[in-house]
Amino acid sequence: MTKTENDAAHGAVEYTLIALAPDNDKRALVVGEKVAAETGRRVTVRNVDGEVLGIFKPSHSDESYRTIEEYAADLREIMQKLRRKLN
């Protein structure tokens, strides 16, 4: 389930909730770490009582790569607009 909430410090924050039923906390932590690595998103792993077991952040290189990709996409869009105006 993907949900958007308003956070006073960050504005609108979108998050995805994935509910799993691993047989132990260690397995849940392994899955959480893999999800963070594969998606490049921050992952908080909680037990059935809602207690935080671990928080996994994407590596800085993943965040940097996404930022560069966003800038590249913006530059491509600007170049397309300029080409349209010049033609």
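Preceding this paragraph is the structure being described.
Predicted model only: the values in this text are computed from it and were never measured.

Undergrad: Please give an account of the nonpolar core that cites residues and values.
TA: Formed by Ala28, Ala36, Val43, Val45 and Phe56, the largest nonpolar core amounts to 5 residues. Only α1 (25-39) and β3 (43-46) provide two or more residues apiece to this core. Aside from chain neighbours lying at most four places away, what touches Val43 is Gly32, Val35, Ala36, Gly54, Ile55 and Phe56.

Undergrad: I'd like a rundown of the pairing of strand β4 (residues 52-56), residues and numbers included.
TA: Each regular strand shows side chains that alternate between the opposite faces of the sheet. Here β3 pairs with β4 via 4 bridges, running antiparallel. Opposite Thr44, over in β4, you have Ile55 as the bridge partner. Between β3 and β4, which pair antiparallel and follow one another directly, the connecting turn spans 5 residues, one of which, Gly50, has a positive phi of 90°.

The rules behind these values
- Residues numbered from 1 in each chain as written.
- Predicted model: local features only at pLDDT ≥ 70, side-chain atom pairs only at ≥ 80, totals over all residues.
- Heavy atoms only, no water.
- Core = buried A, V, L, I, M, F, W, Y, C linked by side-chain atoms within 4.5 Å.
- Buried < 20%, exposed > 50% of the residue type's maximum accessible area, 1.4 Å probe, protein only.
- Helix = DSSP H or I, 4+ residues; strand = E, 2+ residues; numbered from the N terminus.
- Contact = heavy atoms within 4.5 Å.
- Pairing = 2+ DSSP bridges.

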